[in-house]
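One-letter residues, chain by chain:
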Amino acid sequence: MAFGFVSGGVLFLCAVSFALHDFKSSFQQSPSLPQVPIEVECKDRSLFISVDVPPSGVEPRFEAVDATGVYPVIDLYGARCGYTYSVNPLLGRAILRASYFSCHTDNQNDEVFSFMFGVIITDERGGELFFNVSKTCSVSPFSPREITCEENYMEVSVTTDPLCPTAGSVKGFSVPRRSVEAWQVMLTQDGQQSEVMSTEDAAALGYFIMITPGRLVFRTTFGQPYASVKMVGGVAVEVIQATVFFRQNWVVVMVELVASCSLDQGFFDGYRLQWRTPAVMTPLVASPSELRSEYIGMGVNGNLLDEQNWLDRGYSVTFSEGAIVSSIPFASLGGTRKSFVMEGMYHELYTVQLTYQQTLVDQNGVDTKYNAFQQMATPAIPRIPFSINQTTPDERVFTVYLGNIPFDVELVSLELNGQEFSVSAAMQMGCSITRVPQDNNTFAYIVMVPFDAQFVVKQHIGESLLEYSLEIKWTLNILPQMEPYYYFSSLSALILDVVPPIFESMCANNGIRFMRAYHEYDYLWDIVIGHYPLTQQLVSERGYIMSNDSNTFILDVPLFTIGYLYENITLQQFYGTFELLTRNAKTLEIEQSSGKCCLFQTTELLVCSAEGVMTVVSDITKAVPTADPARTTLLDPSCRPQETDESRVLFSFGLNTCGTRFQVDQQYVTYENEIIFHELYSTDSKPVITRDAAYRITVRCIYPVHGIESLYVDRKFRAETPGIGQIKDPVMVPPQVFKPMQLQKQTVMKTYQAAPAMKQEYVRVRPNRARQ
């Protein structure tokens, strides 16, 4: 708004009569009142009163009180008298802003303003509680011209000092004599002047004029008759122009008033709330060049901030094509953010009351202070979660990422295929739930559910294909009101449902045969014997026979090759078992075992078990046809055969018994014993057994050093694999100490003679792995 005035005349008016409805009523204070938080604060250009909306939900009411009575502050009356009433639903507070030039305010020299209001609050039972609110504000001096653009009215006030001329003549104005007896008003719209009317008639049209100790105040609501809308700097502004004149003695004094306010309601670009006003409000003067902008300030809630403060908050003021753009970031300090559930989904909005002030200076150096208050709010912004299926089927775990979770939201439960679990219960069931920070003050949840969880659905959808599926209902709560909303994720994964290959097996006279047909997914597994994969090299080293064609795999395992397990050995028969293991080629886990146990006839054999037992069956008549198997022993004469027949003997003994000797080199441990059989000489008196000469069959078990955990003489033997047996052709030699085997040059060897079993002593030899 703006005004124009002319020199001449002296103004000694202290009050002006204008038409207002009489809203006088009684005001009373409740005798016993609960504590109700009512905030009252003097701002730069108005008084702020804030009170909570009561639990009843009925908005508080305000009444202005002065010496003449009580006046309810209702919408139209409040706007015409300089009151702005609003309710902030996000804060749950009712706010009243009162201009320092409002109707029922005690004004002391335009410097000290006293207010009195009644606040009426309705409780949950419908009863009304009455509270008195009073406040006195001391205000810094006003500029010569002050324009206020409130949400519901425009107000301009000008100092009356310039109306007291010091020199010059008074500008004349042709007015019928009958109209100069009192205050007169004439409105102008686009150069067209209305009829001259009294202040009472102007008030009836919504234009109010009042005089204070030092200022002339003009106020009107938006959209009144004679108002016009113009584009200034690309911004729509509402302009109202009035001329107020009166007779003072022989002088007619005229004041031209122009009000101009931006009609911009603000807009949200997705990141910031922005409000536009012309850089220079040209309707305030006849020529745009007569005004220049000298100062721009901004703030919130009626408080102006210093530049550094609003920069720290992210506020900004920029110039754009003749307009000034004031912007405030979403959720920044000074506004109010609210999150809530709408249509089943999380929404948030942000509202802030912008306080804008600009100082304009005309060519005579006279200040015009332009004040604007604009309530801005974003629309309800949905924050929709999104989920990403991060499942890797080979890991056999569902992994789902739920993103865009605001900072004030927490996950409270998961419904997994119809079964609901709290977060803690889901984790106890084997699920993993992790909250991770993301950009823009949001979070994400990562949930991992094993395929084998009891609530995961499994279904065959074709040959060799198994589908795992999981439906997740996420329950999310907004804090602190614990308002829930939900999100749904659907996950599925396909897995090759193939079983490890199954071998057919059969017994043969000289071994065991394994067979299987080839399948498409055989590459997923390795065939393992013990700890060693079945390769062509292993087949060659161990003497297996492997044959392949396009349809069938065959493996023949000759008897006594590495890998057999021998049990229940007698002179007539024994059991031999061979096992093929199927190992997952990726995880290296054994998934299946294919073993075959066959009964074989016993001829001759030597078995060196992993448990440290040597079992030997030997036909001694091949060397000495007349030998008696029953007269054989081992090195320890007390160790006799367990079983004999006409030609064969069966010995089974521990490697730490029966006089067994052993020797160690860097690679092998060799255990050795002898089967000794003696001649029977007859004399005239009786048969005599002599040991002066004997036939000996040497038997050996050879174990790799690295496969033996410890070597025991009198205690338990432990080896990773069975040893390799050797039977040396029988020879006739005198008894002698075991002669060490010949080793490679620079090889160190030690020979030990086993002690008798009763002594409970042992020798432990640990392999030196660094030298292997």
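This one's a predicted model, so the numbers in the text were calculated from it and none came from an experiment.

A.B. asks: I'm lost on the overall build of the chain in this one. Help?
C.D. replies: When helices and strands are tallied, the chain shows 5 helices and 60 strands. When the accessible area of the chain is evaluated, it comes to approximately 38700 Å², of which 50% is carbon and sulfur surface.

A.B. asks: Is there a simple way to explain the state of the cysteines in this structure?
C.D. replies: Simply put, disulfide is the name for a covalent bond between the sulfur atoms of two cysteines. Scanning the model with the defined rule gives 6 disulfides in all. Bridging Cys42 to Cys137, the disulfide has an S-S length of 1.9 Å. Across the S-S bond linking Cys42 and Cys137, the dihedral sits near -75 degrees, which makes this disulfide left-handed. Of the two residues, Cys42 sits in strand β2 (residues 38-42) while Cys137 sits in strand β10 (residues 128-138), which places them 95 residues apart along the sequence. What makes Cys42 partly exposed here is its relative accessible area of 30%. Residue classification places Cys137 among the buried residues on the basis of a relative accessible area of 0%.

A.B. asks: Mind showing me how you'd approach the confidence of the model for the chain here?
C.D. replies: Regions with low pLDDT carry predicted coordinates that are not meant to be interpreted in detail. Of the residues in the chain, 82% reach a pLDDT of 70 or more, and the chain-wide mean stands at 81. Contacts from residues 682-693, a stretch scored under 50 in pLDDT, to residues over four places away or in other chains number 19 contacts. Across residues 733-772 the pLDDT falls below 50, and counting only partners more than four positions away or on other chains, this stretch makes 71 contacts in the model.

A.B. asks: Looking at this structure, how should I read the sheet that holds strand β50 (residues 613-619)?
C.D. replies: In any sheet, the strands associate via hydrogen bonds between backbone groups, in a parallel or an antiparallel arrangement. Read from one edge to the other, the open sheet built from 4 strands follows the order β49-β50-β53-β52, with strand pairing classed as antiparallel. Of all the strands in the sheet, the pair left with one neighbour each is β49 (605-608) and β52 (643-644). Sheet topology note: the β52/strand β53 (residues 648-654) ladder contains 2 bridges and is antiparallel. From the neighbouring strand, Thr644 faces β53, where its bridge partner is Val649.

A.B. asks: Hey, could you run me through the packing of aromatic side chains in this one?
C.D. replies: Geometrically, a pair of aromatic rings is defined through the distance of the ring centres and the angle of the planes. Under the criterion given, the structure shown has 30 aromatic pairs. Where Tyr100 meets Phe115, the ring centres are 6.0 Å apart and the plane angle is 45 degrees; that geometry is what we call tilted. With Tyr100 in the loop between β7 (93-99) and β8 (106-108) and Phe115 in strand β9 (residues 112-122), this residue pair connects regions lying 15 residues apart in the sequence. Residue classification places Tyr100 among the buried residues on the basis of a relative accessible area of 2%. Measuring from centroid to centroid gives 5.5 Å for Phe662 and Tyr671, while their planes differ by 35 degrees, and the two rings are tilted.

A.B. asks: I keep staring at the nonpolar core and nothing clicks. Help me out?
C.D. replies: If you look at soluble globular proteins, the nonpolar side chains tend to sit buried side by side. Among the nonpolar cores identified, the biggest contains 54 residues, and Phe218 and Ile328 are the most heavily contacted of them. Considering every element that reaches this core, the biggest residue donor is strand β20 (residues 251-262), with 7 residues. Counting 33 residues, the second largest nonpolar core, distinct from the first, contains Val400, Leu414, Phe451 and Phe455.

A.B. asks: Would you take a moment to explain the pattern of salt bridges for this structure?
C.D. replies: Two side chains that carry opposite charge are able to pair once their charged atoms sit near each other. Summed over the entire model, instances satisfying the criterion amount to 24 salt bridges. Glu155 is paired through a salt bridge with Arg219; the nearest N and O atoms lie 2.9 Å apart. Of this pair, Glu155 sits in strand β12 (residues 154-159) while Arg219 sits in strand β17 (residues 215-220), and the two are 64 residues apart along the sequence.

A.B. asks: Explain empty space enclosed by the protein here, please?
C.D. replies: In this approach the atoms are scanned with a rolling probe the size of a water molecule, which exposes any empty space left behind. Here the structure, examined in full by the defined rule, presents 4 cavities of 30 Å³ or more. Its volume calculated, the largest cavity comes out at about 70 Å³. Surrounding the largest cavity, Arg45, Ser99, Tyr100, Phe101, Phe142, Glu146, Thr148, Glu155, Val156, Ser157 and Asn371 form its lining. Going through the elements one at a time, β11 (145-149) and β12 are the ones with two or more residues in the lining of the largest cavity. Its residues placed into classes, the lining of the largest cavity shows 4 nonpolar, 4 polar and 3 charged.

A.B. asks: How should I be thinking about the sheet that holds strand β22 (residues 272-278) in this particular structure?
C.D. replies: Strand order across the open sheet formed by 4 strands is β21-β22-β26-β25, with antiparallel pairing between neighbours. Both outer strands of the open sheet, β21 (267-268) and β25 (316-320), are each paired with one neighbouring strand and no more. For β22 and strand β26 (residues 323-329), the ladder comprises 7 bridges, and the chain directions are antiparallel. Counted as the bridge partner of Arg276 is Val325 from β26.

A.B. asks: How should I be thinking about the pairing of strand β23 (residues 291-300) in this particular structure?
C.D. replies: Strand residues, when the strand is regular, have side chains that alternate between the two faces of the sheet. As paired strands, β23 and strand β28 (residues 345-362) are joined by 9 bridges and run antiparallel to one another. Across the sheet, the residue bridging to Ile296 is Gln358, located in β28. Pairing geometry for β23 and strand β24 (residues 303-305), over 3 bridges, is antiparallel. Each residue of the ladder has a partner; that of Val300, found in β24, is Asn303. The hairpin turn running from β23 into β24, its antiparallel successor, is 2 residues long, and Asn301 in that turn takes a positive phi close to 55 degrees.

A.B. asks: Looking at this structure, I do not really get the environment of Ala630. What am I missing?
C.D. replies: By secondary structure assignment, the location of Ala630 is in the loop between β50 and β51 (632-633). Spatially, the C-alpha atoms of Ala630 and Val649 are 7.7 Å apart, while their sequence positions differ by 19 residues. Filtering out sequence-adjacent residues up to four positions away, Ala630 remains in contact with Arg640 and Thr644.

A.B. asks: Please explain unusual backbone geometry as it appears in this structure.
C.D. replies: Excluding glycine, residues mostly have negative phi values, and the peptide bonds linking residues are mostly trans. Looking along the chain, the bond that leaves Leu479 and enters Pro480 is cis, with omega of 0 degrees. Topologically, Pro480 is positioned in the loop between β38 (465-478) and β39 (483-496). The phi angle at Asn440 is positive, at roughly 60 degrees, despite the residue not being glycine. Counting through the fold element by element, Asn440 comes out in the loop between β35 (432-437) and β36 (442-450). For Asn440, a relative accessible area of 70% gives the class exposed.

A.B. asks: Quick question: what am I supposed to make of the side chain of Ser143 here?
C.D. replies: Mapped onto the elements of the fold, Ser143 is located in the loop between β10 and β11. A residue is classified by how much of its surface remains accessible, and Ser143, at 10% relative accessible area, is buried. Beyond its immediate chain neighbours, meaning those up to four positions away, Ser143 contacts Arg215, Asp367 and Lys369.

A.B. asks: When you look at the side chain of Thr378 in this model, what are you seeing that I'm missing?
C.D. replies: Mapped onto the secondary structure, Thr378 falls in the loop between β29 (367-377) and β30 (381-382). Taking the relative accessible area as the measure of exposure, Thr378 reaches 6% and is therefore buried. Once residues lying within four places of it in the same chain are set aside, the contact partners of Thr378 are Phe268, Leu273, Phe330, Leu349 and Tyr350.

A.B. asks: I would appreciate a short explanation of the environment of Tyr566 in the present structure.
C.D. replies: Here Tyr566 shows up in strand β46 (residues 565-567). A relative accessible area of 17% places Tyr566 in the buried class. Residues Tyr566 and Phe578 lie 12 residues apart in sequence; the distance between their C-alpha atoms is 9.1 Å. Setting aside chain neighbours within four positions, we find Tyr566 in contact with Leu559, Phe560, Thr561, Phe574, Tyr575, Gly576 and Val607. A polar side-chain atom of Tyr566 sits 3.1 Å from the main-chain amide nitrogen of Phe560.

Criteria and cut-off values
Residues numbered from 1 in each chain as written. Predicted model: local features only at pLDDT ≥ 70, side-chain atom pairs only at ≥ 80, totals over all residues. Heavy atoms only, no water. Helix = DSSP H or I, 4+ residues; strand = E, 2+ residues; numbered from the N terminus. Areas by Shrake-Rupley, 256 points an atom, 1.4 Å probe, with all protein chains shown as cover. Disulfide = S-S within 2.5 Å. Buried < 20%, exposed > 50% of the residue type's maximum accessible area, 1.4 Å probe, protein only. pLDDT = per-residue confidence, 0-100. Contact = heavy atoms within 4.5 Å. Pairing = 2+ DSSP bridges. Phe/Tyr/Trp six-rings, centres within 6.5 Å; stacked < 30°, edge-to-face > 60°. Core = buried A, V, L, I, M, F, W, Y, C linked by side-chain atoms within 4.5 Å. Salt bridge = Lys/Arg side-chain N within 4 Å of Asp/Glu carboxyl O. 1 Å grid on protein atoms, 1.4 Å probe; cavity = no way out; pocket = protein on both sides within 12 Å on 5 of 7 lines; lining within 4 Å. Points joined across faces, edges and corners; volume = space filled by probe spheres on them. Nonpolar A, V, L, I, M, F, W, Y, C, P; charged D, E, K, R; others polar. Polar contact = N/O pair within 3.5 Å; in protein donor to acceptor, adjacent residues only side chain to side chain.

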